[in-house]
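Overview (structure and organization)
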Amino acid sequence: MLVKPNEILAEALNMQYAVGAFNTYHLEVSQAILWAAQEQQSPVIIQTSESAIKYAGLPQIVAIVTTLAKEIDVPVVLHLDHGKSLEQAKACIEAGYTSVMIDAGTEPLEKNIAIVKEVVTAAHQRGVWVEAELGAILGVEGALGLGGEKTPEDMMTKPAQAREFVEKTGIDALAVSVGTIHGAFSGQEYIRWQILEELEKELPNFPLVVHGASGIEAKDLAKVALTNVCKVNVDTEVRIAFEAAVKSYFDEAHKKVDPRAILRPARDAAQAVVAEKMKIFGSAGRAK
Ligand code: G3H
Ligand code: ZN
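First, a word on what this report is: a plain description of the structure on this page. All figures in this text were calculated on a predicted structure; none of them were measured in a lab. (Residues numbered from 1 in each chain as written. Chains lettered and ligands numbered in written order. Predicted model: local features only at pLDDT ≥ 70, side-chain atom pairs only at ≥ 80, totals over all residues. Heavy atoms only, no water.)

Attention now goes to the site of ligand 1. Every one of the 16 residues lining ligand 1 counts as a neighbour, but D81, G183, S214, D235 and T236 are closest to it. Interatomic distance of 2.9 Å between a backbone N/O atom of G183 and an oxygen atom of ligand 1. Within the contact set of ligand 1, an oxygen atom lies 2.5 Å away from a side-chain nitrogen or oxygen of T236. Considered on its own, ligand 1 offers 310 Å² of accessible surface; in the complex 100% of this is hidden by protein. Secondary-structure elements contributing two or more residues to the shell around ligand 1 are β3 (76-83), β8 (182-184) and β10 (229-234). Residue composition of the shell around ligand 1, by class: 3 nonpolar, 10 polar and 3 charged. (Near = heavy atom within 4 Å. Polar contact = N/O pair within 3.5 Å; in protein donor to acceptor, adjacent residues only side chain to side chain. Areas by Shrake-Rupley, 256 points an atom, 1.4 Å probe, with all protein chains shown as cover. Helix = DSSP H or I, 4+ residues; strand = E, 2+ residues; numbered from the N terminus. Nonpolar A, V, L, I, M, F, W, Y, C, P; charged D, E, K, R; others polar.)

Here it is as structure tokens:
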């Protein structure tokens, strides 16, 4: 069933685990994410970027997710990932999203605050949860780690600005830049644990979000989940698994043409990645 993030993230924060937020863009990956949650008895956040909404259609992706969510007995949040405008956030809220992110992290602080405040006002009127970003997270989702640039220190979240940002905007969770990069850049990414500790001091018991989890080693993700980070975003590794399964389908000869035969193993591969992340984040078995 669809729930608001408050219901699952407060628990994650208190019990020191994280809830995975997985990107979807069509039926099969939506099934993979929600079936993994059911299999692992884990709360789950399923999210769409603006480009995923353009690809699938807003009513269509909402219909897919809400229908699948009704068929399982674990809590599901439908979230707008990296929303870029008040209009997009409002459209998603109208369509039934229970959570939105407004991403103005690359704007100067005052402009970021002004943009986010508008979305918070609109969202909170409908009881919808708001995530915003302070600092900038580099990289491009789906990018592969062939020499991706490291996130320069000046793009990291500045803990000294965090409390002011949260208080002035009224957001419900803060996406932080602590060394992760969008895309899978193994070796290029390492968590700045010091920044994370300072953020926890500045914002005790406040939900933090980490983006760009693909390419981060399991041991570091498990350690992140023990901090006040209670939402961890994953996209590229699911895409890689899906694409690899499609490629291996075409490595063999087949007697007949059946797109379901192409997509079924890809769906299974995506589901396996999501299930594994739920175990690493510690959310497996936590569904009430
Ligand atoms: O918002 C989505 C995530 O930040 C995706 O990051 O592709 O590195 O897993 P990722
Ligand atoms: Zn992201």
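Here we take up the sheet that holds strand β1 (residues 19-23). One closed barrel holds the 8 strands; their spatial order is β1-β2-β3-β4-β5-β7-β9-β10, and the pairing between them is parallel. Taken pair by pair, the neighbouring strands of this sheet meet at an average axis angle of 25°, ignoring direction. Looking at chain direction, strand β7 (residues 173-176) and strand β9 (residues 208-210) are connected through 3 bridges and run parallel. If you follow V176 over to β9, its bridge partner there is V210. (Pairing = 2+ DSSP bridges. Axes fitted to C-alpha atoms, helices over the stretch in contact; angles between N-to-C directions.)

With that settled, consider the pairing of β1. Of all 5 residues that make up β1, 5 are buried, and the element is covered over most of its length. Neither face of β1 is exposed, since V19, A21 and N23 on one face and G20 and F22 on the opposite face are all buried. Taken together, the 4 bridges between β1 and β10 define a ladder with parallel strand orientation. Its bridge partner lying in β10, F22 is registered against V234. Note that β1 and strand β2 (residues 44-48) share 3 bridges and pair parallel. Residue pairing for β2: A21 is matched across the bridge by I45. Note on the crossover from β1 through helix α2 (residues 27-40) to β2: the handedness is right-handed. (Buried < 20%, exposed > 50% of the residue type's maximum accessible area, 1.4 Å probe, protein only. Right-handed = clockwise from strand over helix to strand, strands pointing away.)

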